[in-house]
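Letter by letter, the chains look like this.
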Amino acid sequence: MATTSPITAPLDPETLDPSLEVAPPILPSRPPRTPGITPDGRLISGRLAGLTMWGAIRTLSWPILAQSFLTALVGLTDTVLAAGVSSSATDAIGGAAYVLWLVGIVVMAIGVGATALISRSVGGRRFAVANAALGQSILLAAISGVGMALLVAALSVPLASVLSLTGPAKAEFFRYILVSCLGVPMLSVLSAGIECARAAGDSYRPLKSMVLVNVINMAVSWILAGVDLTRSSIVNGQEVTHVILHNPFPFHLGVTGIALGTVIAQAAGAAVILRLLVSGSPGIVLRRKRLRPHWHTMRRILRVGFPNFLETLGMWAGNFLIAIMVGWIAVQQSAGGDSSGLLGAHIVAVRIESFSFLTGLSLGTAAAALTGQYLGAGSPRMARRSALACTGLAAAIMALTGAAFMLIPRQITGLVSSQPIHLEIVPQLLFITGTIQVPFAVAIVLRSALRGAGDVKVVMWITWITTYGIRLPLAYALSGADIPLPGGGLMHNPFWSGGGLAGLWIGLCIEIVLRAAMFLWRFVQGGWLSMRV
C-alpha cells in the first residue's frame, strides 16, 4: 500500500476541522545563497577575508608593484648589458623583446581566464572550482608554452628581415631568440601560477619567489655577458663614461650570456611557484588529479581567456608594426648606410617608461582580483569602488614619474646607456611620454578591472579599434616614415616628412589618451557589472 508524505499529501477542505489553522504545504527549494561580504564591505572568504577595501588593495598591490619593479629591472638590465656590448646588440635584444612578447599574450589570456574564474570562486567560497581552475591553467600554460617556443623559433628568420635587422644585429637576434625559446615553457608555467595565486588573494608569496628569480636573472646574465656596468653623460658636448661596477668574470658571451641568464632564472622560478601551489599556501591547492584535462573547467577558462587572447594579439601585432615603422625610419635616415641604433633607442625609452606604467599594471592586477572577488561575493558597489580607488592611486603615482621624465630625461637616460645615439634621442621620447602618464594610468587600470569582471569582449573591441583605427594611422602619419617596396623603391609618406621617432611617439601618446576615454566610458556605463564567467 502506497503511503503519502504529510508534506505532499493532498488536503481535502471538506474533511478539515474548520477550527484548526492549516499551514500551507512546504515545498523543497534551494537554500538562499549567503552573501560573501560583510555589511561594511569586508570579504568573508579567501586570503583577503576581514580586510577593508583599502587594506585589500594594499595587501594585493604592494607585492605586485615590488615584483613588477623587479621584472622591469630585469628587462632594463638586459638592455643595459646589451648597450654595453654594442648598439647592434641593443637593436637585437630590442627586436627579440617584441617577438617574445608574443609568448606573453598566450600566457596572459590563460591568466585572465584563471583570474576571473578563481577570484569569483574564492569570493563565493567555492574552493573546489578554484582548485580545478588552477590545475587546468597550469596544464594549459605548459602545453601552450611548448607550442609557442617552437613557433617563435621557426619565425625568427623572417622576423629579423621584417624588422630591418642587418649584419651583426641580425646574427645576435638569432642567437638571443633561439636560446630564449628554451625557457618559454617554464616562463608560461611560472606566469600562470603567479596569476592564479594573485586571483586567490595572495600576491606576497609569489613576490618572494620572484625576488629569487630576478636576482638569479640579473646576476647570471651580468656574469655571462662579460660587460661592465657604467654611467654616461654629456659634458661640454663630449660623452663621459664612468664605470660603476667592473665585471671580473672570464665569460664574454654577449647576448648569448644575457639569454642564458634569463632561461636559468625561469627554470628556477617555475620550480618555486609549483612548490608553492602544491603546498596550498595561497589558499588554493595544486593537486595531481587536477592536472588531468577537465573540459568543462578548461572551456570556462578559455571562454574568458580567448577574447583576451584576440585583444592582446591585436595589440601585439600593432606594437610589432610600430617596431617595423621604427626600422623604416632608421633605413630612411641612414640613406642606405648603417641603420643600427634607432630601434635600440626606442626600446631603451620603452624600458625606462615601464618604471612608470608598472605602477598602473600592479594596481590594475589588484583591481582585477578585487573586482572579481567583490562580484563573486555579491557586491557590485564594492567592485566599482575598488576599481576607482586603484585608478586614482595609479594616476597619482604615475603623474609623479611623468614629471621626472619631463624634468630630468637626460640624467635618467645616462643611467641606462652610454651609446651616443641613445643619449641624443631617448630624452626627447621620455619628455613626450611624460605628458600622458595620468590618462595612461586610467587606461591600464580600468582595462584590467573590466577583465577581472569578465567583460573581455568589450575590452577586446576597444583595444582593436584604438590600435588599428587610431594608433597605427597616427604613428604612420606623424612619423613621416616611407614604406620600402619589394622592388627596392619607396612609398612616400603623404602626411609628413620630418617627424621621425619623436613624431611616432606623439602619435602613440595621442592614442593612449583616446583609449583611456573609451575605457572610462565603458566603466561608467556599467554593463560589466552583469558579466557571467
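Residues numbered from 1 in each chain as written. Predicted model: local features only at pLDDT ≥ 70, side-chain atom pairs only at ≥ 80, totals over all residues. Heavy atoms only, no water.

S.K.: How would you sum up the nonpolar core? Please name residues and give values.
M.R.: Ranked by size, the top nonpolar core spans 114 residues in total, and within it F173, I352, L504 and W505 carry the most contacts. Among the elements that line this core, the one with the most residues is helix 9 (residues 342–376), at 16 residues. Every residue in contact with F173, bar those within four places of it in the chain, is listed here: A92, G95, A96, V99, S156, L159, A160, L163 and L165. Counting residues in each nonpolar core, the second largest holds 30 residues, with A141, A197, A200 and L277 among its members. (Core = buried A, V, L, I, M, F, W, Y, C linked by side-chain atoms within 4.5 Å. Buried < 20%, exposed > 50% of the residue type's maximum accessible area, 1.4 Å probe, protein only. Helix = DSSP H or I, 4+ residues; strand = E, 2+ residues; numbered from the N terminus. Contact = heavy atoms within 4.5 Å.)

S.K.: Mind laying out the packing of helix 5 (residues 184–199) against helix 9, listing which residues take part and the relevant values?
M.R.: Their axes nearest at 9 Å, the elements helix 5 and helix 9 cross at an angle of 50°. By the criterion of interaxial angle, the relationship of helix 5 to helix 9 is oblique. Only T365, A369 and Q373 of helix 9 make contact with helix 5, whose side of the interface consists of E195, R198 and A199. Across the contact of helix 5 with helix 9, the residue classes tally to 2 nonpolar, 2 polar and 2 charged. (Axes fitted to C-alpha atoms, helices over the stretch in contact; angles between N-to-C directions. Parallel < 35°, antiparallel > 145°, perpendicular 65-115°, else oblique. Nonpolar A, V, L, I, M, F, W, Y, C, P; charged D, E, K, R; others polar.)

S.K.: Run through the side chain of H422, naming residues and quoting values.
M.R.: If you trace the backbone, H422 turns up in helix 12 (residues 420–434). Exposure remark for H422: the relative accessible area of 0% places this residue in the buried category.

S.K.: So what about the pattern of salt bridges? Which residues, and what values?
M.R.: When the charged atoms of two side chains lie near each other, side chains of opposite charge can form a pair. Tallied over the full model, the rule gives 5 salt bridges. Among the ionic pairs, E511 bridges to R471, the shortest N-O distance being 2.7 Å. Of this pair, E511 sits in helix 15 (residues 500–525) while R471 sits in helix 14 (residues 456–479), and the two are 40 residues apart along the sequence. Note on accessibility: E511 and R471 belong to one class, buried. Note that R515 is salt-bridged to E511, the shortest N-O span being 2.8 Å. Placement of the pair is R515 and E511 together in helix 15, with a separation of 4 residues, close to one helical turn. For the pair R515 and E511, a shared accessibility class is recorded, and that class is buried. What you see here is one network of salt bridges that share partners, running through R471, E511 and R515. (Salt bridge = Lys/Arg side-chain N within 4 Å of Asp/Glu carboxyl O.)

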